[in-house]
Each structure stands twice: as structure tokens, then as C-alpha cells.
Amino acid sequence: MDVHVADEPAVAAARTIARRLRDARGRRGVATLAVSGGSAAPAMIAALLLERVAWEVVTVWQVDERIAPDGDPDRNGLQLESLPCTVRLMPVTAADLRGAAARYARSLPDRFDIIHLGVGEDGHTASWPPGNDAVLGSERLVELVPPFNGRRRMTLTPRVVNSARARLVFATGAGKRPVIARWLGGDRSLPIANVRRTGTTVVLDPAAAPGE
């Protein structure tokens, strides 16, 4: 796992993603990306739009989404509206959510080129809530998550995240420092500890970085 502390963390995270997308285009002609929500994601997306990316060959999926109506400010999908590429939003307004999750799973690539993840102060990532082994151990590609932090969720499972060619964990702010220190120190009780370390890049700002 590569850990980077950057004064402009959104730019550093965006450049990591852009390099992966360019490499994928060169190798396979297309590129695939999955993006999480969270407070740090909009700045990263804005920086990504300034990078050299062949958007016409890129498809973006969601890592996770809250079960909320279209247009609700809780929806992560609103953060993806500026992306000039094909975006496949999670179908969280479907009447049959289990069936919708299965259909979304069938739309996923065999292997993502890169998956972006955040981390919450409680150690959750990709809407994998603390203490929910049913989600963490699921053999499905897309799962429904019982309510936590006020909403039910739809999320990609560790099976998908850990099969990606690369992962980017992006976190900022002093509030994240304690959980980042626990994770990097090997605390296996945190949901984010289920993210495969090999092939994972971590980008932090100085406030979130342990020891900074």
C-alpha cells in the first residue's frame, strides 16, 4: 500500500485516477472507474476534470448510494453530474431493490481499472457499516445495507472492490486522523480493513495523516 500526504490532496487523488484511466485506455481501449460519495469527493472530481482523460472511452459506476428519492441532497449521484462520460447510477428508487441490485451487478465490468473509496470517522468505507459481517462476507457483487447514519444503502461488496486493478482511498481533515492511524496500524476491527492493501494508494492531507 502506497501512502501519500499532499498539500493539494484532491489534485493528487485526481492525478492517480487519471493515470490509471490513461493506462487502461492504452491497454484495452476503454477505462472503468467506480466513485464513492463523501465530503471530499467533489473537490477530487473537480480536479479530475482538469486532467487529461479521454472521457469518451470512460464509464463510471457508483461504489455506494443512499436509498433516497431522485434529487435528494443525500444522493451521492448528484456529485457525478459534471462528468462528461457514461455514468451508471445505482437504481435506488426501484420498487424491487433486491432485483435492482442484481441488475446493477450484471452491468459491472469484470474488473474495474480503479475504485475510489473514502473513509468515515467510524472506519466505514463503501457503505460497509461497522459490525455488519453479512455485507462484508457477502458473495454478491452488490448488496443492500440496513439503515446506518440515517439511510439504507446500496453498495459494492469487498468482492468487487478487492478484485479491481487498483484502489484509491482519499481522506481529508483532522477528524479522520484517529481512524486512519488505527487502519494503517493494522486494526482489523474497522470495515476499511477489509480493503486489500496490495494495489491500494492512500492520499491524505496533512490534517488526516498520522504523525503529521
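In what follows, the structure referred to is the one given above.
Residues numbered from 1 in each chain as written. Predicted model: local features only at pLDDT ≥ 70, side-chain atom pairs only at ≥ 80, totals over all residues. Heavy atoms only, no water.

Overview of the environment of Thr 16
Where we set the bar: Counting from the N terminus, the helices are the DSSP runs of H or I reaching at least four residues and the strands are the DSSP runs of E reaching at least two. Accessible area is worked out with a 1.4 Å probe on protein chains only. A residue is then buried under 20% of its type maximum, exposed over 50%, and partly exposed in between.
The topology assignment puts Thr 16 in helix H1 (residues 9-28). Judged by its relative accessible area of 12%, Thr 16 falls in the buried class. Along the chain, Thr 16 and Ile 114 lie 98 residues apart, while their C-alpha atoms are 9.4 Å from each other.

Brief notes about the pattern of salt bridges
Here is the rule: Any carboxyl oxygen of Asp or Glu that lies within 4 Å of a side-chain nitrogen of Lys or Arg is treated as forming a salt bridge with it.
For the coordinates displayed, the defined rule picks out 11 salt bridges. A salt bridge links Asp 72 to Arg 151, with the shortest nitrogen-to-oxygen separation between them at 3.2 Å. One end of the pair, Asp 72, is in the loop between strand E4 (64-66) and strand E5 (86-88); the other, Arg 151, is in strand E8 (residues 151-156), with 79 residues separating them in the sequence. Within this structure, Arg 28, Asp 113 and Arg 165 form a network of salt bridges that share partners.

Some points on the environment of Ser 138
The criterion, for reference: Any two residues having at least one pair of non-hydrogen atoms within 4.5 Å are treated as being in contact. Within 3.5 Å is the distance limit for a polar contact, defined as a pair of N or O atoms, with the added protein rule that one can donate a hydrogen and the other accept it, and that residues adjacent in sequence qualify only through two side-chain atoms.
Within the secondary structure, Ser 138 is located in the loop between helix H4 (133-136) and strand E7 (142-148). The spatial distance from the C-alpha of Ser 138 to the C-alpha of Arg 159 is 7.8 Å, given a sequence separation of 21 residues. Here Ser 138 is in contact with Glu 143 and Thr 157, once residues within four sequence places are set aside. Within the structure, the side chain of Ser 138 is placed 2.7 Å from the side chain of Glu 143, a separation counted as a polar contact.

Focus: the side chain of Glu 65
Examined against the element boundaries, Glu 65 turns out to sit in strand E4. Side-chain polar atoms of Glu 65 contact the side chain of Arg 75, separated by 3.2 Å. Here Asn 76 takes part through its backbone nitrogen, which lies 2.7 Å from a polar atom of the side chain of Glu 65. In contact with Glu 65, not counting residues within four places along its chain, are Asp 74, Arg 75, Asn 76, Gly 77, Met 90, Val 92, Arg 152, Arg 153 and Met 154.

Side note on helix H6 (residues 177-184)
For the record, the criterion: Working definition: the arc comes from the directions between the helix axis and the C-beta atoms, pointing outward to the latter.
If you check which residues of H6 are buried, you get Val 179, Ile 180 and Trp 183. Seen from one end, H6 has its buried residues packed into an arc of 100 degrees, which puts them on one side. Packed against the buried residues of H6 are strand E9 (167-171) and strand E10 (200-204). Of the residues trailing H6, Gly 186 is marked for its positive phi of about 100 degrees.

Some thoughts on the layout of surface pockets
One simple way to see leftover space: roll a probe sized like a water molecule over the atoms. Just so we agree on the cut-off: Residues are said to line a cavity or pocket when one of their atoms sits within 4 Å of a point; the points come from a 1 Å grid over protein atoms alone, cavities being sets where a 1.4 Å probe fits but cannot get out and pockets being open sets with protein on both sides within 12 Å along at least five of seven lines. Grid points are joined across faces, edges and corners, and a volume is the space filled by probe spheres set on the points. Each residue gets one of three labels, nonpolar for Ala, Val, Leu, Ile, Met, Phe, Trp, Tyr, Cys and Pro, charged for Asp, Glu, Lys and Arg, and polar for the others, Gly among them.
In this model, the largest pocket occupies a volume close to 350 Å³. Residue lining of the largest pocket: 23 residues in total, with Gly 37, Gly 38, Ser 39, Val 119 and His 124 positioned closest to the centre. Of all the elements in the fold, those that place two or more residues in the lining of the largest pocket are E4 and E9. Broken down by class, the residue content of the lining of the largest pocket amounts to 6 nonpolar, 13 polar and 4 charged. A volume near 200 Å³ is recorded for the second largest pocket. What lines the second largest pocket is a set of 15 residues, among which Asp 2, His 4, Thr 16, Arg 20 and Thr 201 lie closest to the centre. Taken together, the elements giving at least two residues each to the lining of the second largest pocket come down to strand E1 (2-5), H1 and E10. Take the lining of the second largest pocket: its biggest share by element is 4 residues, from H1. Considering only residue class, the lining of the second largest pocket consists of 4 nonpolar, 6 polar and 5 charged.

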